[in-house]
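The residues making up each chain are set out below.
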Amino acid sequence: MSLPPEKASELKQLIHQQLSKMDVHGRIREILAETIREELAPDQQHLSTEDLIKALRRRGIIDDVMKELNFVTDSVEQELPSSPKQPICFDRQSTLKKTNIDPTRRYLYLQVLGGKAFLEHLQEPEPLPGQVCSTFTLCLHYRNQRFRSKPVPCACEPDFHDGFLLEVHRESLGDGTRMADSTTMLSISDPIHMVLIKTDIFGETTLVASYFLEWRSVLGSENGVTSLTVELMGVGTESKVSVGILNIKLEMYPPLNQTLSQEVVNTQGDCEDHANLLCSLLLGYGLEAFVCVGTKAKGVPHAWVMTCGTDGTITFWESLTGHRYIHKPTNPDEPPVAEQPKPLYPYRTIGCVFNHQMFLGNCQPSDAVETCVFDLNDESKWKPMSEEAIKSVCAPGATTSLPPFPPLCASTIDASVTSNEIEMQLRLLVSEHRKDLGLTTVWEDQLSYLLSPALASYEFERTTSISAGNEEFQDAIRRAVPDGHTFKGFPIHFVYRNARRAFATCLRSPFCEEIICCRGDQVRLAVRVRVFTYPESACAVWIMFACKYRSVL
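Per-chain numbering applies: the sequence of each chain, read as written, is numbered from 1 onward. Given that this is a predicted model, residues contribute local features only at a pLDDT of at least 70 and side-chain atom pairs are listed and counted only at 80 or more, while totals for whole chains, interfaces and linings are drawn from all residues. Hydrogens and water molecules were not included; the side-chain quantities draw on all heavy atoms of the structure.

Let us look at empty space enclosed by the protein. Grid points spaced at 1 Å and placed over the protein atoms alone form the basis of the search, with a cavity being a set where a 1.4 Å probe fits but cannot get out and a pocket an open set showing protein on both sides within 12 Å along at least five of seven lines. Lining residues have an atom within 4 Å of a point. Grid points are joined across faces, edges and corners, and a volume is the space filled by probe spheres set on the points. Overall, the coordinates contain two cavities of 30 Å³ or more when judged by the stated rule. In this structure, the second largest cavity occupies an estimated 40 Å³ of space. If you list the elements that add at least two residues to the lining of the second largest cavity, you get helix H15 (510-516), strand S19 (521-534) and strand S20 (538-550). Counted by class, the lining of the second largest cavity contains eight nonpolar, no polar and no charged residues. Strands here are runs of E lasting at least two residues and helices are runs of H or I lasting at least four, both read from the DSSP assignment and numbered beginning at the N terminus. Residues are grouped as follows: nonpolar covers Ala, Val, Leu, Ile, Met, Phe, Trp, Tyr, Cys and Pro; charged covers Asp, Glu, Lys and Arg; every other residue, Gly included, is treated as polar.

Written as structure tokens, this is what we have:
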């Protein structure tokens, strides 16, 4: 949990005052001198940090400090953000009642309670305090809300212990102040997108796994709390290989008054609502299901569910009672050999059927259910609605299975500062490389400056496919290179900011190596770096190495 800057500063000041009051610094100096005098050999006057910590613990200094400071966790947890519009991230398992959140909104509290079976890191040694190591970071996206966990060291059982408070809201205008009920939340099909990222010791990030979590199972759980395990799969060629398992706990807040199953048992809603719900459940079970719209006895409008078996069997489902009926069609044009029994189902006519993918209208001579043929692939009997027509009557995004794209965050990279840092690092690398070859290095700042417009034009052409500024750049170079001298330049593009890695890549190019290792009379070298930033801290890094030297015939 991160404190606001003013709170962190106040906490540091209090700790400093308490340490000064106890004269901790003086006591540490006395113990340090005593330890060096009594425990170290005369020829060994170096004391490691570990030895000093042991000495402090042995004399009770650390215990005295911890008792005097008297840290209280609850008082810190009460400083959590109060605005419901901002994503709230809990770093420890805390009681939601202590959090100052909007009680009129519905929230889903997702906790990540550790991981296991990350077998790729089975032999990963436990990092020492202060040691730089590879880390895992878990990123979440849900309905325009974004979250990021604290980085944890890569391990076979990574120590994830983070909580995220997701607001479950409606999208309709005018519903922003109304708390979503169970039925409304059931209709929210957006999953929680979980992305696991690995950051190595050089700061390079790698996508490890991507998972879409179906969270609505918590709506039918007791007390609105459920725990589950999530198996993360790899990406790309390793999409069928397990990466690891996360332990997840979901909790609705405020708690639901009654679960979804109780609402269904209490028969709330009309027959259309129950038919839609039953059809969705049957589709999720893997059956080919449709909602039927027609009439019952005496022309009463009604809706029920139909499933089509693989053997052609048509089954009707009454969503209000749970009864099932097998449909056996009769042919009115054939003379009956014997009197046929009356159908057991209460349905008389049928006008159309639909599910989440298609809408079919009954265009048979008779709409009587008992004579209807349910060959839905026969367009002479069932007229399908076009995809364009379906999209025109459905809400935007209702017919796609893809989750909404998360909002983009502004870049946190300072392009100018980063460009200068990479350029200075490359100068040092080039100088060291030439020194190993027995060559001196002379940089020409004016020539480096002239390379900047070229890099800008390269990025402009890359993003717009329009070439501009090439003639002006060539003219500037001609004016800067004296007669009898030769100019060579090598531009290259990267999407990362690791100078050493970029330099190693450049050396693999024979043309670039020829520039960096240039030998001759009056050799002058130049390098220019331009970093172009984009949302999500993505960047395009353009580097140009150049040299000019006097031509010798």
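Moving on, we come to the sheet that holds strand S18 (residues 485-494). Paired strands, as defined in this entry, are two strands with at least two bridges between them according to DSSP. In space, the three strands of this open sheet follow the order S18-S20-S19, with antiparallel pairing throughout. The open sheet has two edge strands, S18 and S19, and neither has a second partner. Each strand of the sheet is rotated relative to its neighbour by a mean of 15°, with strand direction disregarded. Here S19 pairs with S20 via 12 bridges, running antiparallel. When the bridges of S20 are listed, threonine 533 appears paired with cysteine 539. Running at roughly 40° to S19, helix H12 (residues 452-464) makes contact with S18, S19 and S20 of the sheet. A fitted line through C-alpha atoms serves as each axis, taken over the contacting stretch for helices, and the angle formed by two N-to-C directions is quoted from 0 to 180°. Only heavy atoms enter the contact rule, under which two residues are in contact if any of them lie within 4.5 Å.

Salt bridges are identified by distance alone: a Lys or Arg side-chain nitrogen within 4 Å of an Asp or Glu carboxyl oxygen. If you walk through the whole model with that rule in mind, you get 11 salt bridges. Salt-bridge contacts for glutamate 204 lead to arginine 501; the nearest nitrogen and oxygen are separated by 3.5 Å. One end of the pair, glutamate 204, is in the loop between strand S7 (192-199) and strand S8 (205-213); the other, arginine 501, is in helix H14 (residues 499-507), with 297 residues separating them in the sequence. Burial classes follow relative accessibility: with a 1.4 Å probe on protein chains only, a residue under 20% of its type's maximum area counts as buried, one over 50% as exposed, and anything between as partly exposed. On the basis of relative accessible area, glutamate 204 is assigned to the buried category, the value being 18%. Classification of arginine 501 by relative accessible area gives partly exposed; the value is 40%. Between aspartate 521 and arginine 550 there is a salt bridge, with its nearest N and O atoms 3.8 Å apart. Of this pair, aspartate 521 sits in strand S19 while arginine 550 sits in strand S20, and the two are 29 residues apart along the sequence.

This paragraph deals with the confidence of the model for the protein. What pLDDT reports is the predictor's confidence in each residue, on a scale of 0 through 100. Confidence in the prediction of the protein, expressed as mean pLDDT, is 81, and 75% of residues score 70 or more. The low-confidence segment residues 71-98 (pLDDT under 50) makes 57 contacts with residues lying over four places distant or belonging to another chain. In the predicted structure, residues 261-265 sits below a pLDDT of 50 and forms six contacts with residues beyond four places in sequence or in another chain.

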